[in-house]
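For reference, the chains in residue letters:
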Amino acid sequence: MESFEEVYQQYEPMIFSCIRKLRIYKNHDSFIQSGRIGLWKACLRYDTMKGDFAPFAYRSIYGSILDELKNTAREERIVPTENQMLENLVEQTDKESFCSEQYYELMDLLPEKEQQLVQLLFLDCYSLDEVARLLNITKAGVKKRRERTIGKLRNFISK
């Protein structure tokens, strides 16, 4: 097999083809780099007994760029909203700093059921399904209570 530089020169247009096919219109440098990494991995894994290199390289490049696209989309959705900031406030009062005055002040303002919900979701890290089973309500009910509780916390904090 040729050196990677030679392979890259030959298959570089394939990287740009994958980027166009996936309709990527920003952050080209990171996607080009992902395509290069996919090509490099294809060079390492390629077995001449299993067929031509070009289709194998294309699938590897396309897969790497697609993975990068998924990761980028996930990261872009992680911009903290007001709800997430409130959730972070509750999460900051983890088990190590459980004696936080602010935490107790906020929890005292909530009814017992909502305190239990905050405890289960944010401190004990139960999933929505687990909380629904524990409280014997539907998952939608848990979501509604969580949103109501976060709304109350938002109001308490903004006062």
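So, how was this worked out
Residues take numbers from 1 onward in each chain, read along the sequence in its written order. Only residues with pLDDT of at least 70 get local features here, since the model is predicted, and only at 80 or more are side-chain atom pairs given and counted; chain-wide, interface and lining totals rely on the full set of residues. Heavy atoms from the whole structure form the basis of all side-chain values; hydrogens and water molecules are not counted. Numbering goes from the N terminus for both helices and strands, where a helix is a DSSP run of H or I of at least four residues and a strand is a run of E of at least two. Summary of the burial criterion: residues with accessible area below 20% of their type's maximum are buried, those above 50% are exposed, and those between are partly exposed, where the area comes from a 1.4 Å probe applied to protein chains only. Contacts described as polar in this section are N or O atom pairs within 3.5 Å, which, within protein, must combine one atom able to donate a hydrogen with one able to accept it, while residues neighboring in sequence count only if both atoms come from side chains. Throughout, a residue-residue contact means that at least one pair of heavy atoms, one from each residue, lies within 4.5 Å. Should a side-chain nitrogen of Lys or Arg be within 4 Å of a carboxyl oxygen of Asp or Glu, the pair is scored as a salt bridge.

Peer 1: Could you clarify how one ought to interpret the side chain of S60 in this entry?
Peer 2: Tracing the backbone shows S60 in helix α3 (residues 53–76). The exposure class of S60 is buried, given its relative accessible area of 9%. Side-chain polar atoms of S60 contact the backbone oxygen of G38, separated by 2.6 Å. What S60 contacts, discounting residues up to four positions off in sequence, is G38, K41, A42 and R45.

Peer 1: Is there a simple way to think about the pattern of salt bridges in this case?
Peer 2: This structure, assessed with the given rule, holds three salt bridges. In this structure, E147 engages R146 in a salt bridge whose closest nitrogen and oxygen atoms are separated by 3.5 Å.

Peer 1: I keep staring at the environment of C43 and nothing clicks. Help me out?
Peer 2: Relative to the elements of secondary structure, C43 occurs in helix α2 (residues 28–45). Relative accessible area serves as the criterion here: at 18%, C43 is assigned to the buried category. Linking C43 and S60, residues 17 residues apart in sequence, is a C-alpha distance of 9.6 Å.

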